[in-house]
Amino acid sequence: MIVIFPDPVAKAISYLSLFYDNVLGEEPDGPDYNPTVPHILVGDGGGPGVRSHSLLDARLIFDIRCTDRAVASDTSQAVAATLRDWEFQDSSVTLLGGDTPKYSPDADRRLPAYLFTFTFAFRGQPKTLTEREN
Amino acid sequence: MASTTIKVKFNKGAMEALRKDPSLRADLVKRAEMVARKASDNGRVEGYKVTDLVLEDPRGAVSVMATGHAAYHNRKNHALLKALEAGK
C-alpha cells in the first residue's frame with residue numbers, strides 16, 4: 001500500500017472553480033491581458049512539505065486581479081472566506097494557517113491585485129501497489 | 001496546605017542582550033543565507049542580498065532582500081516565500 005498526495009494547486013483550482021469563474025493555475029500573459037472580470041490565480045508557495053506518510057503540508061499563493069480595484073478587493077475577501085471553509089467541505093483538507101488579502105498591484109501592468117497565502121494539510125489517498133509483469 | 005507565592009522578575013536588560021547576542025545574530029545570518037541561496041537557485045539568480053540590520057533595536061535582525069533582477073524574479077516566482085523553509 002502506498003499513499004499518493006494530490007497536487008495542491010490543482011486541488012485548490014478544482015475547489016474554487018465550483019464557485020468562481022476564471023480560476024487559473026498560470027499567469028495569463030501578453031500585451032492584451034486586461035482582466036475586466038476577476039481572475040483568481042493559484043500558485044505554489046512552497047511550504048513544509050511531507051509531514052508524515054499520509055499528510056502533505058503545502059503553502060498556496062492566491063492572487064486576485066481585476067481592472068476594477070473594488071471588485072478585486074471584494075472577490076479576494078470572498079475567496080479567502082471560501083478557502084477557510086474548505087476543510088468543512090472536504091475531509092482530506094485541513095487549514096493550518098493563512099493571512100488576509102493585501103493590495104499588491106502587478107508591477108508590470110499596474111493591474112489592481114490582492115495577494116494572500118494559505119497553508120493546508122492534504123491527506124493522501126492510499127493505493128495498492130502491484131508489481132508489473134515481466 | 002499553606003499557599004506559596006512565587007514572584008518572577010524579568011530582567012529586561014538581559015533579554016535585550018540575549019536578543020543581540022553575537023551567536024544568535026550569527027545563527028540568523030546563517031539562516032538568511034540559506035533562504036537567499038534557495039531563492040536564488042543556488043546563486044544562479046543575482047540580486048538576493050542578506051543584510052545584518054545592526055541598528056535594529058531592541059533585537060537582532062537580518063533581512064533577505066530581492067534587488068535588481070532578483071526583484072523581478074521574486075515577483076514572478078515568489079521565490080523568497082517558497083524559500084522560507086530553507087531557514088528553519
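This section reports on the structure supplied with the text. (Residues numbered from 1 in each chain as written. Chains lettered and ligands numbered in written order. Predicted model: local features only at pLDDT ≥ 70, side-chain atom pairs only at ≥ 80, totals over all residues. Heavy atoms only, no water.)

1. Examining the pattern of salt bridges
Definition in use: Throughout this description, the term salt bridge denotes a Lys or Arg side-chain nitrogen within 4 Å of a carboxyl oxygen of Asp or Glu. What counts as a helix is a DSSP run of H or I of at least four residues, what counts as a strand is a run of E of at least two, and both are numbered from the N terminus. For every residue, the accessible area obtained with a 1.4 Å probe (protein chains only) is divided by the maximum for its type, and the residue is called buried under 20%, exposed over 50%, and partly exposed between those limits.
On inspection of all chains with the given rule, the structure shows 7 salt bridges over all chains. With a shortest N-O distance of 3.1 Å, D90(A) and K11(A) are connected by a salt bridge. Taken together, the residues span a long stretch of sequence, with D90(A) in the loop between α3 (86–89) and β6 (93–98) and K11(A) in helix α1 (residues 8–16) at a distance of 79 residues. Notably, a salt bridge pairs R25(B) with D52(B), separated by 3.1 Å at the nearest N-O pair. With R25(B) in helix α2 (residues 22–39) and D52(B) in strand β1 (residues 48–52), the pair connects residues that are 27 residues apart, well separated along the chain. Overall, the relative accessible area of 14% leaves R25(B) in the buried class. The class of D52(B) is partly exposed, set by a relative accessible area of 31%.

2. A few points about the packing of aromatic side chains
Two measures describe an aromatic ring pair: the distance that separates the ring centres and the angle between the ring planes. All names here are of chain A. To keep things clear, this is the line we draw: Under the pairing criterion, centres of Phe, Tyr and Trp rings, with the six-membered ring standing for Trp, must be within 6.5 Å; the plane angle then separates stacked pairs below 30 degrees from edge-to-face pairs above 60, leaving the rest tilted. Criterion for a charge above a ring: Lys NZ or Arg CZ within 6 Å of the ring centre, and within 35 degrees of the ring normal.
Applying the stated rule across the entire model yields 10 aromatic pairs over all chains. With centroids separated by 6.4 Å and ring planes inclined at 85°, the aromatic side chains of F62 and F118 adopt a geometry described as edge-to-face. Here F118 lies in strand β8 (residues 113–123) and F62 lies in strand β5 (residues 55–65), a separation of 56 residues in the sequence. Residues F62 and F118 agree in their burial class; the two are buried. Between the aromatic rings of F116 and F118, the centroid separation amounts to 5.5 Å while the plane-to-plane angle is 75°, which identifies the pairing as edge-to-face. Here F116 and F118 have matching classes, each one buried. Here the aromatic residues Y15, F19, F62, W86, F116, F118, F120 and F122 are joined through ring pairs into a cluster of three or more. Its end group placed over the ring of Y103, R69 keeps NZ or CZ at 3.5 Å from the ring centre.

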